[in-house]
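# Per-entry structural report
So the chains spell out like this:
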Amino acid sequence: MQEWANQLCENRQFGSKMTDSKYFTTTKKGEIFELKAELNSDKKEKKKEAVKKVIASMTVGKDVSALFPDVVNCMQTDNLELKKLVYLYLMNYAKSQPDMAIMAVNTFVKDCEDPNPLIRALAVRTMGCIRVDKITEYLCEPLRKCLKDEDPYVRKTAAVCVAKLHDINAQLVEDQGFLDTLKDLISDSNPMVVANAVAALSEIAESHPNSNLMDLNPQTINKLLTALNECTEWGQIFILDCLANYTPRDDRESQSICERVTPRLSHANSAVVLSAVKVLMKFMEMLPKDLDYYGTLLKKLAPPLVTLLSAEPELQYVALRNINLIVQRRPEILKHEMKVFFVKYNDPIYVKLEKLDIMIRLASQANIAQVLAELKEYATEVDVDFVRKAVRAIGRCAIKVEQSAERCVSTLLDLIQTKVNYVVQEAIVVIKDIFRKYPNKYESVIATLCENLDSLDEPEARAAMIWIVGEYAERIDNADELLESFLEGFHDESTQVQLQLLTAIVKLFLKKPTETQELVQQVLSLATQDSDNPDLRDRGYIYWRLLSTDPVAAKEVVLAEKPLISEETDLIEPTLLEELICHIGTLASVYHKPPSAFVEGSRGVQHKRLPGSTESGESESPDTASAAAVSDAPPAVIPSQGDLLGDLLNLDLTPPTTAGPPPPASSGMQMGAMDLLGGGLDSLMGDESEPLGGDLGGSPAIGAGFGAPPAAMPASFSAPVSGGLDDLFDLGGGVGMPMGAYSAPKTVWLPALKAKGLEISGTFARRSGVIQMEMTLTNKAMSVMTDFAIQFNRNSFGLAPAGPLQVLTPLSPNQSIEVTLPLNTVGPVMKMEPLNNLQVAVKNNIDVFYFSCQYPISMLFVEDGKMERQVFLATWKDIPNDSEAQFQIKDCHLSSDAASNKLQGSNIFTIAKRTVDGQDMLYQSMKLTNGIWVLTEMRVQAGNPVYTVSLKCRAAEVSQWVFQSYEAVLKN
C-alpha cells in the first residue's frame, strides 16, 4: 500500500498522467475517514481526486453515503468535471438521504443561472434524475427558466426533464403548466429541441392515454417534418414515431407526408429506416391503389428493406421479423426480391428459419421453380432443424401454389430416396397434407411411402403414415397387414399414434368388413378395456356403439368427405397484423405480439389500427361521450362504437377463480328496471343500423339436433292473459296459453379453418329468465384442446358471461362437446353495427380466436314486460308518431290467438285484442333488459297471410330488430 502511495507521488512529481483505473485498485482500511479529510481539503486538485475515489467506491458497490454532506460541499466549484462527479454521487444517494439532498437545492437554483450553458443543462438534467418528492417542488422554478433558456442545448435537456418530473409527480407538472410549455417547444426553431419535446410528450402520453397531449394537426405535422431533416438520428426516430400516430385528413395530405418521409429510407441507422417504413405503411392505406405515386412508393420501399439484410445477424433477424409482417400485409413490395432471402451457409439458424418463412410467403407461380431448387438444396444441409423446416416448406409450396404441386411431390419423393431418416419422416408428414389438399391426385406415390414404413420412429410421422394407410385402404392390398404391424406395440405408442391407428382400422373395417373383423375387435378392445387414456377410450366406445347400432351411420361419419386444408395456416390474424404494422421497429414487431401481451401493467398501452380499417377515426369512450354531452340533451341509450377489435385484443381471458351460479330471473328483471344504459326510454344516438337481411336463424341443417333440452317453463308463463280490457278495447275474447320461447337452430360461428381446428357452432336461448349461449365445440385438429375461456367485447346491451366457460374435460381430436354459457346484462356497453352484433374471444391451450355472431333481440325481452292497460294507452299517445315504424310479415298462416300464444312464449305480451271489420287487432308490449319498452299493434285478418305490425318505441333504432324477432318467432 505504501508502495502504491509512493508511486502516485512519483507520478505527480514527474507530471505523468495515470488512467482512472487506479481509483478502483485500493482496499484501504479506514478509507472513509481519509476520504472525508481529502474532501474537505483546501486544494482543488486533492478534492477532485477524493471525489473520483468516492465515485469509484460507489461504482463497485461500497456504501459511501456517510460522505454525503462532504461531497455536497464540493458542488460549489467552477470546475465542470468535478461538478459532474458530484452530481453523479447526488443522483445515486439522494433517495436514501432525502433530508441531506435538500442541501443541494440552492446550488441547483444557482447553477441554473450559470453563464455556462453546459452547467445550466447539467443542473437541470440532474434535477430530473433526483426522485425525491421533498425537493421536486423547489426545482419547478429553475426548470421553468431552463425551458425558456436562450440556449437550445439547455431547452432540449429541460424538455426531457419535464417527462422525468411527470413520472415522479404528474399533478405537480400539470399544475405548474409545464405541459403547455412542452407543447410550445414543438414550434421551437431548433430541431433537437423539437425532437426532445416530442419524445417527452410521447412518453407522458403513453402513461396517460386519454390525456390527448399530442394534439396533432396539419400545422404541427408540418413543423415536425421540417425538423425531421435536421435533427440527430434518435431525434428523427422520435419524430417519425409521433407522425405514425397521426391520421391524415385525406389522401392528398397522406401523399404529402409520405413524400417528405421517403428520404429517411436511405438513412444509415436501421432504426430510422424501420420507423420511416412504419409511417409509410400506415399512410399508404389512405392512398388510392390506382394512383401513380402508390406504385412508386411500393418500389421505393423494397431497396431499404433489402439493405437491412446486409447488416450483422442480430440486425438481420430484427429486419426479417419486420419484413415478415410487411410481406403478410403487402407482398407486392418484395415480390421481385426473392433472391435476397436465399439462405447463406454462414447464417445463424435463427436467420435461416426466418428467411425460409418469408420465402414461402413470397412464393408464387412466377418464382416457384427457383424456390423449389433452393429448398431441395437446403434439405441436404447438416443442420437437422433447418432440414426439417426446408422439407416442410416444400409441402407448404405445394399447398400454396397449385401449379407446383406435382413438382413438389416429385422433389419430396427424391428426398425420400435419400433414405435419411428425419428427411423421410418429414416428407411423409407433408405428403399427408398434400393428399388433404389435392385428393385423388397423387395417390400413386403411396407404394413408395409404404416401403419406408419400418424406418418411422417419430410419432407425427407414424401418425401421418397410419392416416394415409387408413384413408386409402382400398388402394393398398396389404393395408390390414401394415396396420396390424403397428398394433403389435399399441400400448407403447404415443396418444397421437394410438388415436390415428384406432380411426384408421375402423376406416379399413368399413371398407373391407369381411377381412378385418378380428382386427377391428382387437383395436376396440385395446382402446376401451386395456387403455387408461380417457380420449382414446371415449373414441373407442363411440366407434364401438356406432358400428354395433348403425353401420350405415358409422360409414357416413367415419368416411365423410373432409374439408380441404387452407393455404396459409400460420398467417397472423388480420386485426393483430394491423396493430403490429403500427408497431414496426419495436419489440412488438419482433415478438409478433401486441405490447399489452408482454408489457407489465400495460394500462397505458394503446391499441393501434391502420387508417381506413375502421369507419370512424377517433371514437370517444362511453364515459367521455356522456360527459361531453350538453346537459339538457337526452342521454344516449347505447354509446357509439369504438375500437372494438382493439378491446378484444386487450381482454383478460383467464377463467375467473370463483364463479357464482347463473343469476335468477328476478335479478335479471331488476337489472332491466335499473336502466343500466342510463337512457331509459330516451332516443338512441347514432346512425340507423343496417338490417340483418332476415338471416336471423341461420341454416337449420347445421347443429339442429344438438340443442340442450328446453328448461322448465317459468310459472309466470302459465297464467292466462287477463281478459278484463273489454271496456278499453272492445275485447272480443281471452288469449290462450303460451307455447314456450323460440330458439333459433345452431349455426357455425367459428369455422375450423380459421381457428386452427376448433369449430364453434351455437345459438342463443332464454330459459327460466336466463339468457344462455348454447354452443357445440368441435376439435377438428390433430391435438388435444384444453384450458378454454371466453370473453365478450363491449356490446349494445351489456351482454357478458355470468360465469366461466365450463369445459371440464380435454377436447380430443374429432370430439364435440355441448356447452351452455349463462349470460347477464351487466357488462360494459357500446353501440354496435349492427345493433345485435356480439364480438367474442375464445381462448384455449393453442391460441386466442375471435369471431362475431348476432343474437336475436327477443332474448332480451324480460318476463315483466306486460304493461298495464292505462299505462299502455298513455305511453302509446305519448310516443311521437315519428317514432312509429310499420312492417309486414308475409306468408304467416296462424290465427290471432295462436300468434298471441307463440309470441307470449318469447315474452311479447298481449295487453288486449279487439275485432274491427273482421280484422283482429292485438295490442302488445315487451320490455328489454335495459328498460326500453316497445309497444306494438298487430293486425291479423282471417284468410290473409300478411300481418301488419306497427311498432312504437322511444328508442326507434330498436324497432327493426324487434320486427325481425316477431318474424322469426311467428314463422318457426
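Residues numbered from 1 in each chain as written. Predicted model: local features only at pLDDT ≥ 70, side-chain atom pairs only at ≥ 80, totals over all residues. Heavy atoms only, no water.

### Some thoughts on the pattern of salt bridges
As a working rule, side chains carrying opposite charge can pair if their charged atoms are close by. What counts here: By definition here, a salt bridge exists when the distance from a side-chain nitrogen of Lys or Arg to a carboxyl oxygen of Asp or Glu is within 4 Å. Numbering of helices and strands runs from the N terminus, with a helix taken as a DSSP run of H or I at least four residues long and a strand as a DSSP run of E at least two residues long. Burial classes: relative accessible area under 20% of the type maximum marks a residue as buried, over 50% as exposed, and values in between as partly exposed (1.4 Å probe, protein chains only).
If you walk through the whole model with that rule in mind, you get 38 salt bridges. Note that Glu81 and Lys52 form a salt bridge whose closest N and O atoms lie 3.3 Å from each other. You can see Glu81 sitting in helix 5 (residues 80-93) and its partner Lys52 sitting in helix 3 (residues 44-59), a full 29 residues away along the chain. On the accessibility criterion, Lys52 (15% relative accessible area) is buried.

### Considerations on the pairing of strand 2 (residues 758-767)
Here is the rule we go by: In this scheme, strands are said to pair when DSSP sees at least two bridges between them.
Taken across its 10 residues, strand 2 has 10 buried, putting it largely inside the fold. With burial as the criterion, each face of strand 2 is covered, one bearing Leu758, Ile760, Gly762, Phe764 and Arg766 and the other bearing Glu759, Ser761, Thr763, Ala765 and Arg767. Both strand 1 (residues 747-750) and strand 2 contribute to a ladder of 3 bridges, which runs antiparallel. The residue bridging Val748 from the neighbouring strand is Ser761, located in strand 2. Direction of pairing for strand 2 relative to strand 3 (residues 770-779): antiparallel, over a ladder of 10 bridges.

### Examining the side chain of Ser965
Selection criterion: Note on definitions: a residue-residue contact is assigned when non-hydrogen atoms from the two residues lie within 4.5 Å.
Here Ser965 shows up in helix 42 (residues 959-971). Of the residues examined, Ser965 reaches a relative accessible area of 1% and is grouped as buried. Apart from the residues within four sequence positions on either side, Ser965 is in contact with Pro856, Ile857, Ser858 and Phe861.

### As for the nonpolar core
Where we set the bar: In plain words, nonpolar cores are sets of buried Ala, Val, Leu, Ile, Met, Phe, Trp, Tyr and Cys residues tied together by side-chain atoms within 4.5 Å.
Formed by 210 residues in total, the largest nonpolar core has its most connected members in Tyr89, Leu143, Leu224, Val261, Leu375 and Phe435. Setting aside its immediate chain neighbours within four residues, Val261 contacts Leu225, Leu228, Leu240, Leu243, Ala276, Val279 and Leu280. One finds Leu811, Met859, Ala899 and Tyr966 within the second-largest nonpolar core, a separate group that totals 65 residues.

### Here's the deal with the state of the cysteines
Under the convention used in this document: Sulfur atoms of two cysteines make up a disulfide when they are within 2.5 Å.
Tallied over the full model, the rule gives 0 disulfides. Unpaired in this structure, Cys146 has its nearest cysteine sulfur neighbour in Cys112, at a distance of 3.9 Å. Relative accessible area serves as the criterion here: at 0%, Cys146 is assigned to the buried category.

### Some remarks on the confidence of the model for the chain
Put simply, the test is: The pLDDT value expresses, per residue, how confident the predictor is, ranging between 0 and 100.
Chain-level statistics for the chain give a pLDDT mean of 78 and a share of 82% at 70 or above. Confidence over residues 613-738 falls short of pLDDT 50; this stretch has 243 contacts with residues more than four positions distant or in other chains.

### Some words on the packing of helix 28 (residues 479-487) against helix 30 (residues 517-528)
Defined as follows: Here the axes come from fitting lines to C-alpha atoms, over the contacting stretch only for helices, and the angles between their N-to-C directions go from 0 to 180 degrees. Roughly parallel covers angles under 35 degrees, roughly antiparallel covers those over 145, roughly perpendicular covers 65 to 115, and oblique covers all other angles. Here a crossing is taken to be left-handed if its near helix is turned anticlockwise relative to the far helix by less than a right angle, and right-handed if that turn runs clockwise. Throughout this entry, Asp, Glu, Lys and Arg are counted as charged residues, while Ala, Val, Leu, Ile, Met, Phe, Trp, Tyr, Cys and Pro are counted as nonpolar. The remaining residues, Gly among them, count as polar.
Put simply, helix 28 and helix 30 touch, their axes get as near as 11 Å, and they point 25 degrees apart. With respect to their mutual orientation, helix 28 and helix 30 come out roughly parallel. Judged by the twist between their axes, the crossing of helix 28 over helix 30 is left-handed. Residues Asp480, Glu484 and Leu487 of helix 28 form the contact with helix 30, whose own contacting residues are Leu519, Gln522, Val523 and Leu526. When the residues that make up the contact of helix 28 with helix 30 are grouped by side-chain class, the tally is 4 nonpolar, 1 polar and 2 charged.

### Observations concerning the packing of aromatic side chains
Note the following rule: We call Phe, Tyr and Trp rings a pair once their centres come within 6.5 Å, taking the six-membered ring for Trp, and we label the pair stacked below 30 degrees between planes, edge-to-face above 60, and tilted otherwise.
Applying the stated criterion across every chain, the model contains 12 aromatic pairs. Their ring planes at 70 degrees and their centres at 6.0 Å tell us that Phe764 and Tyr855 sit as a pair that is edge-to-face. Of this pair, Phe764 sits in strand 2 while Tyr855 sits in the loop between strand 8 (848-854) and helix 40 (869-878); the two residues are 91 residues apart in sequence, bridging distant segments of the chain. The pair formed by Phe764 and Tyr855 is uniform in burial state, with each residue classed as buried.

### As for a negative patch on the surface
Here is the rule we go by: Like charges within 9 Å and nonpolar side chains (Val, Leu, Ile, Met, Phe, Trp, Tyr) within 5 Å are joined into patches, using only residues over 30% in relative accessible area that form no salt bridge. Accessible surface area values rest on a Shrake-Rupley calculation with a 1.4 Å probe, where residue burial reflects the displayed protein chains alone. For the purpose of counting charges, residues Lys and Arg are taken to be positive, whereas Asp and Glu are taken to be negative. His and the chain ends are not included. Lys charges are placed at NZ, Arg charges at CZ, Asp charges at CG and Glu charges at CD.
Together, Glu481, Glu484, Glu488 and Glu518 give the surface a local cluster of negative charge. Here Glu518 lies in helix 30.

### Quick word on helix 13 (residues 178-185)
Keep this limit in mind: To obtain the arc, one takes the directions from the helix axis to the C-beta atoms.
For helix 13, the complete set of buried residues consists of Phe178, Leu179, Thr181, Leu182 and Leu185. Considered in projection along helix 13, the buried side chains sweep an arc of 160 degrees and stay on one side of the axis.

### Here's the deal with the side chain of Lys507
Within the element layout of this structure, Lys507 appears in helix 29 (residues 495-511). Owing to a relative accessible area of 4%, Lys507 belongs among the buried residues under this scheme. Discounting residues that sit within four places of it in the chain, Lys507 has contacts with Trp467, Gly470, Glu471, Val558, Leu559 and Lys562.

### A look at helix 19 (residues 292-308)
Among all positions of helix 19, only Tyr293, Tyr294, Leu297, Leu298, Leu301, Ala302, Pro304, Leu305 and Leu308 are buried. Contacts made by the buried residues of helix 19 are with helix 17 (251-261), helix 18 (270-284) and helix 20 (313-329).

### Quick notes on the pairing of strand 7 (residues 837-843)
Taken across its 7 residues, strand 7 has 6 buried, putting it largely inside the fold. Here strand 7 hands over to strand 8 after 4 residues, the two strands then running antiparallel side by side.

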